[in-house]
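Descriptive analysis of the structure
Spelled out from the first residue to the last, the chains are:
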Amino acid sequence: MASLLLVEDEIAIAETVVYALQADGHTVRHCLDGQQARAAVVDTAFDLAILDVGLPDISGFALCGELRRRAPLPVIFLTAQAAESERVLGFDLGADDYIAKPFSLRELVARVRVVLRRAPDTVSGEATRSGAFEHDAEGRRIRYHGHALDLTRYEYGLLAALLARPGAVLSRMQLMERVWGDALDSGDRTVDTHVKTVRGKLRAVAPGSDPLRTHRGIGYSLDLD
Ligand code: CA
């Protein structure tokens, strides 16, 4: 299962693509334009992006360049124009594949599989195992009991900070500094709120488990047992 980003402004196409990729076991985030895509990559490390070339606010080619400046990312372009010159431009930009509309969903799903198989090393680093957790610091991803957690940027930061020192109690202040150091709008309850959502995501994977321990008036720690 992979985490995919689809940027496509034609809703009808996007819906069928999302459906087909989800049916193949992937999670898919759909964005309508470059602006939404820029926001999506802030809190999620995707394994692959499928970019429409003709977007309302930017070309898929330019967006590809922007997204890749943040992190390595395999890309498949979708285009209405099957012009040879565009195809060449796409590959010059490092496209991993290029699909002309109209395309069959079966073909798209197959090509996604091929690209994901070909480029696993570019998207994830070594994972460090701690108890039921596997932490890929480079890819900013954490797995719990073998399941990839879908974490927001700050949920990831919080869990990563606690995972770095299993069993140690970190105060709210320490967590604020480590995780929210650059945020301006974080309040008193920010840490508690995020602990709660992370707890929910861990329980969704392993009901009954609660490795996040609350130390009243002091802070939080993570049990690995
Ligand atoms: Ca379009």
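Residues numbered from 1 in each chain as written. Predicted model: local features only at pLDDT ≥ 70, side-chain atom pairs only at ≥ 80, totals over all residues. Heavy atoms only, no water.

1. Focus: the coordination of the calcium ion
For the calcium ion, the full set of protein donor atoms is D9 (OD), D52 (OD) and G54 (O), and the range of their distances to it is 2.2 to 2.4 Å. Look at where the donors of the calcium ion fall in the sequence and you get D-x42-D-x1-G. With a gap of 45 residues between them, D9 in the loop between β1 (3-7) and α1 (11-23) and G54 in the loop between β3 (48-52) and α3 (60-70) connect regions that are remote in the sequence. When its relative accessible area of 28% is taken as the criterion, D9 is described as partly exposed. For G54, a relative accessible area of 46% puts it in the partly exposed group. (Donors = N, O, S within 2.8 Å, 3.2 Å for Na, K, Ca; no water. Helix = DSSP H or I, 4+ residues; strand = E, 2+ residues; numbered from the N terminus. Buried < 20%, exposed > 50% of the residue type's maximum accessible area, 1.4 Å probe, protein only.)

2. As for unusual backbone geometry
Cis peptide bonds are those with omega within 30 degrees of zero, and the linkage from K101 to P102 qualifies with -5°. Examined against the element boundaries, P102 turns out to sit in the loop between β5 (97-100) and α5 (105-118). One non-glycine residue with positive phi stands out, namely H145, at about 50°. Note that H145 resides in the loop between β8 (141-144) and β9 (147-148).

3. Brief notes about the sheet that holds β1
In spatial order, the strands read β2-β1-β3-β4-β5; together these five strands make up an open sheet with parallel pairing. Taken across any chain shown, the strands that pair with only one partner, and hence form the sheet edges, are β2 (27-31) and β5. Sheet twist, expressed as the average angle between the axes of neighbouring strands with direction ignored, equals 20°. The pairing of β1 with β3 spans four bridges and is classified as parallel. Counterpart to L4 in the pairing with β3 is L48. The strands touched by helix α2 (residues 34-43) are β1 and β2; relative to β2, the strand with the most contacts, the crossing angle is about 145°. (Pairing = 2+ DSSP bridges. Axes fitted to C-alpha atoms, helices over the stretch in contact; angles between N-to-C directions. Contact = heavy atoms within 4.5 Å.)

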